[in-house]
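Chain by chain, the residues run as shown.
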Amino acid sequence: MTTERDEKEPTIPDVLGILPLRGTVIFPQAVTPLAVGRPGSVRLVQEALHGSRIIGAVMQRDPAADDPRAQGLHAIGTVILIHKAMKQPDGTLRLVVQGLSRFRIADVLQEAPFLRARIQRLVDDAPSTLEVEALARTASTLFQKVVSLSPTLPDELANILGAAEAPGVLADLIAGSLPSLPTALRQELLETVGVAERLQRLVAALTKEAEVLELGSKIQSEAQSEMSKSQREYYLREQMKAIQKELGDGDDRTQEIDALRKKIDGAGMTEEAKSEALRELDRLAKMPPAAAEYTVARTFIDWLVSMPWQQETADNVDIAAARTILDEDHEGLEKIKERILEYIAVKKIRQAGKDPILCFVGPPGVGKTSLGRSIARALGRKFHRISLGGMRDEAEIRGHRRTYIGALPGQIIQGLRRAGTKNPVFMLDEVDKLGTDFRGDPASALLEVLDPEQNVSFRDHYLDVAFDLSRVLFVTTANVIDTVPPALRDRMEIIPLAGYTEEEKIAIAQRHLVPKQAREHGLDPAADIEFTPEALRLLARGYTREAGVRNLEREIASVCRKVARRRAEGHPDAVRVSPDLVTSFLGVPRFELEEVEERTRVPGVAIGLAWTPVGGDILFIEATRMQGKRTLTLTGQLGDVMKESVQAALSWVRSHADELGLAPEFWETSDIPVHVPAGAIPKDGPSAGVTMTTALVSLLTGRRVRSGLAMTGEVSLAGRVLPVGGIKEKVLAAHRAGIRTVLLPKRNAKNLVEDVPLKVREEMTIHLVDSVPDVLRLALEATPTWPEVEPFAVTA
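(A) Looking closely at the environment of Arg121. Following the sequence through the fold, Arg121 ends up in strand β6 (residues 115-122). Given a relative accessible area of 42%, Arg121 falls into the partly exposed group. At 3.5 Å, the side chain of Arg121 forms a polar contact with the side chain of Ser101.

In structure tokens form, the structure reads like this:
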């Protein structure tokens, strides 16, 4: 349906129907196709077709709005003339319209079924100035340049500028002919009535478009030139190969491929690995060196040929020599030394066989990591260590697949390559500090590595061929075993390291720490400085309280620094470090043994023994009593299990009040607060049960706990003393604190004999108890000692 119109410009009425447009801007003089589908818009067009064919077109602010009102439209639009309208089978209309003039919506007269508004025509403000003429010429030149550079715009499009009689018309024709202009910019140009400002914005947009097209053309040209160059090099290289083949010569690349083939043949790979290496080598030979895959394939082959497929060191099976090496490097640790010597003995009898997976569990500073180096030295093997602390990516263990850029094998394969043998001592440090996140679970990846039944054919993601790990002696370390997943824990032979006795610390300091720190501070350990055993004992007892020797080493380093300063200040005489000199250098001791006796001078205070991840420690339990109404108050950040232990202890005391000489109604008029000092530290566990009971009985009967006595054990309601864990750590903690009498559950006798060193047992009095009456008989003084306050009721 087309209608011929007069050549002259049609008359534009003051009231027009408004057609909302989605993401489309129509400029005056521009001929544009439109699709109309909304019912209101279809009705508007049909009504216009029966009249003047003139309507207003305005872009809506939100293209997603289906029924925009006046406030959802821009204020300025274009008066359009419908030249042609075609109805589609789906009921929509296809229009061909031409922009006539800008207008502004002055007043909305109708909103349904379509918008109708009173309009105000906007006329171009075009003063004839040199600036406007220059801007028009620049815009015309840039438009022609954009048309010539753009692959999507026809060259004939540049001819439309000949019909522009005025600079404003020229700007509208250019803006309406460039589909690459952003919609927001097109609306800004439509709303710009001033011709000079409109041309300035258009010139800026055309300049940017021309620069983008020039850059794209340059990139395309360079890519095509590079492709042509690569093809030319490929043809020349093939011709060179043919010539060299005729002459019997070979190029550098051919020699490189032949060298790699010889390395593959001599690497001693398994059949699977050799087949994969040769397959990748054949691919490499057919690739140009400039190909992206060339470096990936070459790196993969290098990793395969550098792996120790057959290289291994001969084990030192001299048990006496191994024992000497272990004794030189570490003091004590008899259980671990015995286990290593047993392993060497088995190797001496039977060379073949799978190596064990050992896990050293103990507090910091007891020598777990250095013990791995000693094992490697005793066996005559290479040593490699990786730290698992904080590791969260499963690919750190198994590697990345070769499809990733920068992919590498995991730490296991990398460690074997660095060690250079297939049977090193491989230490996995801090296995209890593995993490987990979206990248995987490294602990689960270790299940295959640390399983002798599976690691015979360990398959790294990068190499993707089986490698035998059964000859590797894996040694793991941990501070606590609870955080290690059960499946991983089950694959390891766990050997606990409880800590060192005071005598062992002194021996370690004399043999290792003092010479090491003296050398590190520029002193001759034989001529410049000497530590007496009494000075070392004071350092270990008064300045440190730990299971290991790290803090002891720091204190020795402090003394060495003081001595080094004296020498630097002009006092070259040798220094003999005595306890008095230690005190003058480091100040008064931080840990006083008299504290134990002083704090137990009043009834209601007992000393317990606790296990911590950094070794054992002593624990004070304090109870007091006041007038009240049956209230038991627990303080000191106690856990649920420890709170229940206090409840059980109080229940036993109340049920045996007559036997203890207490008034039956003592609980009816009493409040009993129980406090465990060091309140900022959380505490939990059942092993303080006997200590809680002793403290309560001591408080209520007025009998003090004997001086220098500590205890541990769980208490049942029947008054039985049940076994607990961490016996060695707890006994050593008591020994370090100067306590010489300890009460232990009778059922822990085996742990006492097997774990606690003989020298410590000889220096201490250890009672094995089976019931609470036994504990009270040994722990409490015979006669009451009431503080200077009014005594509570106690029956005779």
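(B) Fine view of empty space enclosed by the protein. Counting across every chain of the model gives three cavities of 30 Å³ or more. Approximately 40 Å³ is the volume attributed to the largest cavity. Surrounding the largest cavity, Glu502, Lys505, Ala540, Arg541, Thr544, Arg545 and Arg736 form its lining. Of all the secondary structure elements, the ones that give two or more residues to the lining of the largest cavity are α16 (502-520) and α17 (533-542). Residue composition of the lining of the largest cavity, grouped by class: one nonpolar, one polar and five charged. What lines the second largest cavity is Leu21, Thr24, Val25, Ile26, Ala57, Val58, Met59, Ile76, Gly77, Thr78, Gln187 and Leu190. Only β3 (54-59), β4 (76-87) and α4 (183-191) provide two or more residues apiece to the lining of the second largest cavity. Class assignment for the residues of the lining of the second largest cavity results in eight nonpolar, four polar and no charged.

(C) Representation of the environment of Asp617 in the model. Relative to the helices and strands, Asp617 is located in strand β17 (residues 615-623). Expressed as a C-alpha distance, the spacing of Asp617 and Lys368, which sit 249 residues apart in the sequence, is 20 Å. In contact with Asp617, not counting residues within four places along its chain, are Arg545, Gly608, Leu609, Ala610 and Ala733.

(D) Just the packing of helix α23 (residues 689-701) against helix α27 (residues 772-779), in detail. The N-to-C vectors of α23 and α27 enclose an angle of 60°; their axes lie 10 Å apart at closest approach. Considered as vectors, α23 and α27 are oriented oblique to each other. In the crossing of α23 with α27, the sense of the turn from one axis to the other is right-handed. Contact residues: α23 offers Val690, Thr693, Thr694 and Val697, while α27 offers Val772, Val775, Leu776 and Ala779. Taken together, the residues that form the contact of α23 with α27 break down as six nonpolar, two polar and no charged.

Conventions adopted
Residues numbered from 1 in each chain as written. Predicted model: local features only at pLDDT ≥ 70, side-chain atom pairs only at ≥ 80, totals over all residues. Heavy atoms only, no water. Helix = DSSP H or I, 4+ residues; strand = E, 2+ residues; numbered from the N terminus. Buried < 20%, exposed > 50% of the residue type's maximum accessible area, 1.4 Å probe, protein only. Polar contact = N/O pair within 3.5 Å; in protein donor to acceptor, adjacent residues only side chain to side chain. 1 Å grid on protein atoms, 1.4 Å probe; cavity = no way out; pocket = protein on both sides within 12 Å on 5 of 7 lines; lining within 4 Å. Points joined across faces, edges and corners; volume = space filled by probe spheres on them. Nonpolar A, V, L, I, M, F, W, Y, C, P; charged D, E, K, R; others polar. Contact = heavy atoms within 4.5 Å. Axes fitted to C-alpha atoms, helices over the stretch in contact; angles between N-to-C directions. Parallel < 35°, antiparallel > 145°, perpendicular 65-115°, else oblique. Left-handed = near helix turned anticlockwise from the far one by under 90°.

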